[in-house]
Amino acid sequence: MRCLVTGAAGFIGSHLAQKLIAEGHDVTGIDCFTDYYPRSIKEHNLKGLKDNPRFQFIEQDLVRMDMEKHISRIDWVFHQAAQAGVRTSWGNYFEHYTHDNILATQSLLEACKGTGIKKFVYASSSSIYGDSDDLPLTEESMPKPISPYGVTKLAGEHLCLLYWKNFQVPVINLRYFTVYGPRQRPDMAFNLFIRSILKDEAIVLYGDGEQTRDFTFISDIIEANLLAAQSTVTGETINIGGGSQTSMNEVIRSLGEISGKTVRIKKHGAQKGDVRHTLADVTRARRLIGYNPRIQLHHGLREEYEWLSKNIGLYEKR
Ligand SMILES: NC(=O)c1ccc[n+]([C@@H]2O[C@H](COP(=O)([O-])OP(=O)(O)OC[C@H]3O[C@@H](n4cnc5c(N)ncnc54)[C@H](O)[C@@H]3O)[C@@H](O)[C@H]2O)c1
């Protein structure tokens, strides 16, 4: 298949592009290297892809580029590009969220109208649910985002469904639950925790540590994207979780075991926009696309720890 991966220099997009190439597909990757985190980290994500003859890279902003000419020969679109991060979505920086999450999604969908694409997979987020005591979260749960980021990701989902209903763009929305693993974004908790442990510094923990998340290992997310693309399902929205609920305190205990160090913690107040608990019901994913998360948290944490141990230098350069 000929695939388009947006956000190809990012954490998830780069893993996805690599897997698609490994499976024998051709990939065009688009990324504009937003400055949310350093370009050098994203360049490193692309290592091993850029010199592959089946990978073509375009450095462009989705909103500003002439997309039509690139879409015309594409079979599968994987729309991973976004301005991620909950905490920075307040205030003036919100402009980046509307640009990268709403305008970019609309531009891409417009370009896909009336083309022969076979699947459009949209990377949505569990943050569209907001705070709910009614766990596990099913796709029927009422979306009530509590962060501006969640609002823009929900808008993206709705845009996808509009273009499916009105123009038959074959979309499928995947709601990812906290993704982790090698190359995880540097602003995300595990990446920050592990780097602090490696440098023998205290971990900064927001809240009491009893907040829980359904953490999903990167290879499970990539598998979900492939299953979604191969399936005949369109016009659906599906949870993609890792299959268990773990508190931040438990994660820190696991990291203590993995590192063999005594982990010190510096506590700060809870952050606005952070939800208290998430847990995905993945029944629909199992039924519609045959998704089954495989990687247990302890194993996945070890992989991220080992990767960061070898690559910490990347994050210390400025
Ligand atoms: N990482 C998670 O835990 C998580 C959870 C839920 C949903 N998601 C979603 O998954 C996707 C990938 O997230 P990630 O963690 O890999 O983030 P990331 O920041 O590592 O990757 C996103 C990439 O998109 C690029 N980009 C942003 N706006 C662009 C534009 N207008 N044009 C071209 N490129 C643009 C950025 O430069 C970046 O390299 C996002 O859509 C995010 O909302 C991630």
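It should be noted that the structure appears before, not after, this text.
Residues numbered from 1 in each chain as written. Predicted model: local features only at pLDDT ≥ 70, side-chain atom pairs only at ≥ 80, totals over all residues.

Comments concerning the overall build of the protein chain
Stage number 1. For the protein chain, the count of helices and strands is 11 helices and 13 strands.
Stage number 2. For a compact globule of 318 residues, the expected C-alpha radius of gyration is about 20 Å, and the protein chain comes in at 19 Å, within 12% of that figure.
Stage number 3. If you line up the protein chain on its principal axes, its C-alpha atoms span 55 × 45 × 40 Å.
Stage number 4. Each of the 318 residues in the protein chain was classed as buried or not, and the buried ones make up 44%.
Stage number 5. Contacts spanning at least 24 positions in sequence make up 82% of the contacts within the protein chain whose residues lie at least 6 apart. (Helix = DSSP H or I, 4+ residues; strand = E, 2+ residues; numbered from the N terminus. Rg over C-alpha atoms; globule rule 2.2 N^0.38 Å. Buried ≥ 20, exposed ≤ 12 C-beta atoms within 10 Å, placed from the backbone. Contact = placed C-beta atoms within 7 Å.)

Side note on helix H6 (residues 189–198)
Residues three or four positions apart in an α-helix share a direction because the helix packs 3.6 residues into each turn.
Stage number 1. Where H6 is concerned, the buried positions are Ala189, Phe190, Asn191, Phe193, Ile194 and Ile197.
Stage number 2. Contacts made by the buried residues of H6 are with strand E7 (179–180), strand E8 (203–206), helix H8 (248–259) and helix H10 (297–311).
Stage number 3. Downstream of H6 by one or two residues, Asp200 has phi in the positive range, about 55 degrees.

A few points about the site of the ligand
Stage number 1. Near the ligand you find 31 residues, and of these Gly7, Gly10, Phe11, Ala82 and Asp100 are the closest.
Stage number 2. For the shell around the ligand, the elements supplying multiple residues, two or more each, are helix H1 (11–22), strand E2 (26–31), helix H4 (94–112) and strand E5 (119–125).
Stage number 3. Ranked by residue count, the leading element in the shell around the ligand is H1, at three residues.
Stage number 4. Grouping the amino acids of the shell around the ligand by side-chain chemistry returns 16 nonpolar, nine polar and six charged. (Near = placed C-beta within 6 Å. Nonpolar A, V, L, I, M, F, W, Y, C, P; charged D, E, K, R; others polar.)

Some thoughts on the nonpolar core
Generally speaking, soluble globular proteins have nonpolar side chains that are buried together.
Stage number 1. Counting residues in each nonpolar core, the largest one holds 80 residues, and the members touching the most others are Val77, Phe120, Val121, Leu174 and Ile240.
Stage number 2. Top element by residues in this core is helix H7 (residues 218–230). It accounts for seven residues.
Stage number 3. Ignoring sequence-local partners within four residues, the contact set of Val121 consists of Val77, Phe78, His79, Ile172, Leu174, Asn225, Ala228 and Ala229. (Core = buried A, V, L, I, M, F, W, Y, C linked by C-beta atoms within 7 Å.)

So, unusual backbone geometry
Stage number 1. Look at the link from Leu135 to Pro136: it is a cis peptide, with omega at -5 degrees.
Stage number 2. Relative to the elements of secondary structure, Pro136 occurs in the loop between E5 and helix H5 (148–167).
Stage number 3. For Phe33, which is not a glycine, the phi torsion comes out positive at approximately 50 degrees.
Stage number 4. Assessed through the 15 C-beta atoms surrounding it within 10 Å, Phe33 is described here as partly exposed.
Stage number 5. Positive phi outside glycine occurs at Arg183, with the angle close to 75 degrees.
Stage number 6. By the element assignment, Arg183 lies in the loop between E7 and H6.
Stage number 7. Judged by C-beta crowding, with 22 C-beta atoms within 10 Å, Arg183 ranks as buried.

Let's talk about the environment of Ile197
Stage number 1. Within the fold, Ile197 resides in helix H6.
Stage number 2. Taking the C-beta count within 10 Å as the criterion, Ile197 has 24 such neighbours and is therefore assigned buried.
Stage number 3. C-alpha separation for the pair Ile197 and Gly260, spaced 63 residues apart in sequence, amounts to 10.0 Å.
Stage number 4. Once you skip the residues sitting within four places of it in the chain, Ile197 turns out to touch Ile203, Leu255, Ser259, Lys261 and Val263.

Quick word on H10
Stage number 1. Spanning 15 residues, H10 covers 21 Å between terminal C-alpha atoms, matching the ideal 21 Å at 1.5 Å per step.
Stage number 2. Those residues of H10 that fall on the buried side of the exposure criterion are Leu297, Gly300, Leu301, Glu304 and Leu308. With its buried residues spanning 100 degrees around the axis, H10 presents them on a single face. In H10, the exposed positions that point more than 90 degrees away from the buried face belong to His299 and Lys310.
Stage number 3. Where H10 is buried, its residues touch E7, H6, strand E10 (216–217), strand E12 (246–247) and H8. (Expected span 1.5 Å × (residues − 1). Arc of directions from axis to C-beta.)

The values are spatial; any link to function lies outside them.
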